[in-house]
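Descriptive analysis of the structure
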Amino acid sequence: MKGTPSKGKRSGKKTHVICRRCGGHTYHAQHKECATCGFGATKKIRRYSWQNKRFFGAFKGINLKRLAPKSAKGRGNRDRT
Ligand SMILES: [Zn+2]
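Described below are features of the structure shown in this document.

Rules used throughout
Residues numbered from 1 in each chain as written. Predicted model: local features only at pLDDT ≥ 70, side-chain atom pairs only at ≥ 80, totals over all residues. Helix = DSSP H or I, 4+ residues; strand = E, 2+ residues; numbered from the N terminus. Buried ≥ 20, exposed ≤ 12 C-beta atoms within 10 Å, placed from the backbone. Contact = placed C-beta atoms within 7 Å. Core = buried A, V, L, I, M, F, W, Y, C linked by C-beta atoms within 7 Å. Pairing = 2+ DSSP bridges.

What follows is about the overall build of the protein. Looking only at helices and strands, the protein has 2 helices and 3 strands in total. Each helix and strand of the protein, placed in order from N terminus to C terminus, yields the pattern β-β-β-α-α. For the protein, the residues scored as buried account for 6% of the 81 residues in total. Looking at the protein alone, contacts between residues at least 24 apart form 0% of all its contacts between residues at least 6 apart.

Counting residues in hydrophobic clusters, the biggest one holds 5 residues: Cys19, Tyr27, Cys34, Cys37 and Phe39. Not counting residues within four places of it along the chain, the set of residues in contact with phenylalanine 39 comprises Cys19, Arg20, Arg21, Cys22, Tyr27 and Cys34.

Reading across the sheet, the 3 strands line up as S1-S2-S3 and stay open at both edges, with antiparallel pairing between neighbours. Each edge of the sheet is formed by a strand with only one pairing partner; in this case those strands are strand S1 (16-17) and strand S3 (33-34). Bridge analysis of strand S2 (residues 27-28) against S3 gives 2 bridges, and the strand direction is antiparallel. Within the sheet, the bridge partner assigned to histidine 28 lies in S3 and is glutamate 33.

What follows concerns the environment of cysteine 34. Here cysteine 34 lies in strand S3. When the C-alpha atoms of cysteine 34 and arginine 20 are compared, they prove to be 9.1 Å apart, with 14 residues separating the residues in sequence. Excluding residues within four positions of it along the chain, cysteine 34 makes contact with Cys19, Arg21, Cys22, Thr26, Tyr27, Phe39 and Gly40.

Turning our eyes to something else, we now look at unusual backbone geometry. Of note, the phi angle at lysine 32 is positive, near 55 degrees, even though the residue is not glycine. If you trace the backbone, lysine 32 turns up in the loop between S2 and S3. Lysine 32 gets classed as exposed once you count the C-beta atoms within 10 Å, which come to 10.

What follows covers the environment of glycine 40. Considering the arrangement of structural elements, one finds glycine 40 in the loop between S3 and helix H1 (53-56). What makes glycine 40 partly exposed here is the crowd of 15 C-beta atoms within 10 Å. Once residues within four sequence positions are removed from consideration, glycine 40 is found in contact with Lys32, Glu33 and Cys34.

Taken by themselves, the reported measurements are silent on function.
This is the structure we're talking about:
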């Protein structure tokens, strides 16, 4: 089964817990590997050029507030002042 009945098997087990390195709720408790930063799988921080400009360094040295307000709005920056 792969529909609603099989979802009952998931009870009691956590797949992802809070990651010690990145703080995200993405550390796989059984695989011992973080889906966001790669903690447990690699010593380096898991990152890709396609994922975020902030990680890649495209906006390094650029004051984002001087750009258009839309581009200054990043992840986790939800409150608009
Ligand atoms: Zn992590």
